[in-house]
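# Examination of the molecular architecture
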Amino acid sequence: NRTFATFLGWRESGWNLLVLSEGNLDLISLEGERKKRLFSFSDLEKFVLNLDGSKPYLNHISLSPDGNWVSYWEVHGKPYDEMGPESVYEIQNIKIIPTEMKRDPIPLTKNGGGWIASWAPDGNRIAFSDFDEKGIVQVFIYSISLGEKKMVTNFDQVGAFLPVMKNIYHLE
């Protein structure tokens, strides 16, 4: 139906596909039939509002390897391609929520530096970037079972956002 979709991986011994399309994460059979909706941005609307009552936009769904959690970016401000000269950058934070959505999302970042995230193979931890209290981008790890966040880098470079971000290209 000419809907843009991103193939995210094989599931269930290679008999199904994980596909992201228009904010929905679906399990699709090899015949193209949707077997199960795993996650939808529209289901998150009850959880997200800006202080002024407007809605932030949501981006970058990532399913944990065990399929129990979803991470996503909650972005405040104008989308990157709509920013004007008065905009410095959008405020982007990473949150996680169980796929059954029976609880509020857990905010992983709080300082607007949530640009990179990667799930551990067991699905119990997620590594991500955020600014520390000094405004320096660092790598943190959140343990779902322990419910705790730990900073694992100690970069000391202070500067504008983009030069600092160049310290971290990818987490795997």
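The sections below set out a description of the structure shown in this document. Please read all numbers here as calculations on a predicted model, not as lab measurements.

## A look at the overall build of the chain
Scanning the chain from N- to C-terminus turns up one helix and 12 strands. Looking at the chain as a whole, 44% of its 172 residues qualify as buried. For the chain, the proportion of contacts with a sequence separation of at least 24, taken over those separated by at least 6, is 29%. Here the chain displays about 10,400 Å² of accessible surface, and carbon together with sulfur accounts for 52% of that area.

## Quick look at the packing of aromatic side chains
In total, this model carries two aromatic pairs according to the counting rule given. Considering the side-chain rings of tryptophan 73 and tryptophan 115, the 6.3 Å spacing of their centres and the 65 degrees angle between planes classify their relative orientation as edge-to-face. A residue pair is termed long-range when its members are at least 10 positions apart, and tryptophan 73 in strand β6 (residues 69-76) and tryptophan 115 in the loop between β8 (106-107) and β9 (117-119) qualify at 42 residues. A residue is classified by how much of its surface remains accessible, and tryptophan 73, at 12% relative accessible area, is buried. When the centroid spacing of 5.8 Å and the interplanar angle of 15 degrees are considered together, the rings of phenylalanine 128 and phenylalanine 140 count as stacked. Within this pair, whereas phenylalanine 128 is found in strand β10 (residues 125-131), its partner phenylalanine 140 is found in strand β11 (residues 137-143), the two being separated by 12 residues in sequence. Owing to a relative accessible area of 8%, phenylalanine 140 belongs among the buried residues under this scheme. The aromatic ring of phenylalanine 140 is capped on one face by lysine 149, whose charged end is 4.6 Å from the ring centroid.

## With respect to the sheet that holds β10
Ordered by their spatial adjacency, four strands build an open sheet running β9-β10-β11-β12, and the pairing between neighbours is antiparallel. For this open sheet the edge positions go to β9 and β12 (148-151), each flanked by a neighbour on one side alone. This sheet shows a mean twist of 25 degrees between the axes of neighbouring strands, independent of strand direction. Inspection of the sheet shows β9 paired to β10 by three bridges, in the antiparallel sense. Counted as the bridge partner of tryptophan 119 is isoleucine 126 from β10.

## Side note on the pattern of salt bridges
All chains considered together, the criterion is met by six salt bridges. With a closest N to O distance of 3.2 Å, lysine 95 and glutamate 74 form a salt bridge. Pair noted here: lysine 95 is in strand β7 (residues 91-98) and glutamate 74 is in strand β6, with a separation of 21 residues, a long-range link. Assigned by exposure class, lysine 95 and glutamate 74 land together as buried. Salt-bridge contacts for lysine 110 lead to glutamate 133; the nearest nitrogen and oxygen are separated by 3.3 Å. Placement of the pair is lysine 110 in the loop between β8 and β9 and glutamate 133 in the loop between β10 and β11, with a sequence separation of 23 residues. Within the structure, one salt-bridge network assembled from shared partners comprises Asp26, Arg34 and Arg37.

## As for the pairing of β10
When a strand is regular, its side chains alternate between the sheet's two faces. Among the seven residues of β10, six are classified as buried, and the element is accordingly described as predominantly covered. Where β9 hands over to β10, the hairpin turn is made up of five residues, of which glycine 123 adopts a positive phi near 75 degrees. Across seven bridges, β10 lies against β11 in antiparallel orientation. Counterpart to phenylalanine 128 in the pairing with β11 is phenylalanine 140. Linkage of β10 to β11, two consecutive antiparallel strands, is achieved through a turn of five residues, within which glycine 135 is found at a positive phi near 85 degrees.

Calculation rules
Residues numbered from 1 in each chain as written. Predicted model: local features only at pLDDT ≥ 70, side-chain atom pairs only at ≥ 80, totals over all residues. Heavy atoms only, no water. Helix = DSSP H or I, 4+ residues; strand = E, 2+ residues; numbered from the N terminus. Buried < 20%, exposed > 50% of the residue type's maximum accessible area, 1.4 Å probe, protein only. Contact = heavy atoms within 4.5 Å. Areas by Shrake-Rupley, 256 points an atom, 1.4 Å probe, with all protein chains shown as cover. Phe/Tyr/Trp six-rings, centres within 6.5 Å; stacked < 30°, edge-to-face > 60°. Lys NZ or Arg CZ within 6 Å of the ring centre and 35° of its normal. Pairing = 2+ DSSP bridges. Axes fitted to C-alpha atoms, helices over the stretch in contact; angles between N-to-C directions. Salt bridge = Lys/Arg side-chain N within 4 Å of Asp/Glu carboxyl O.

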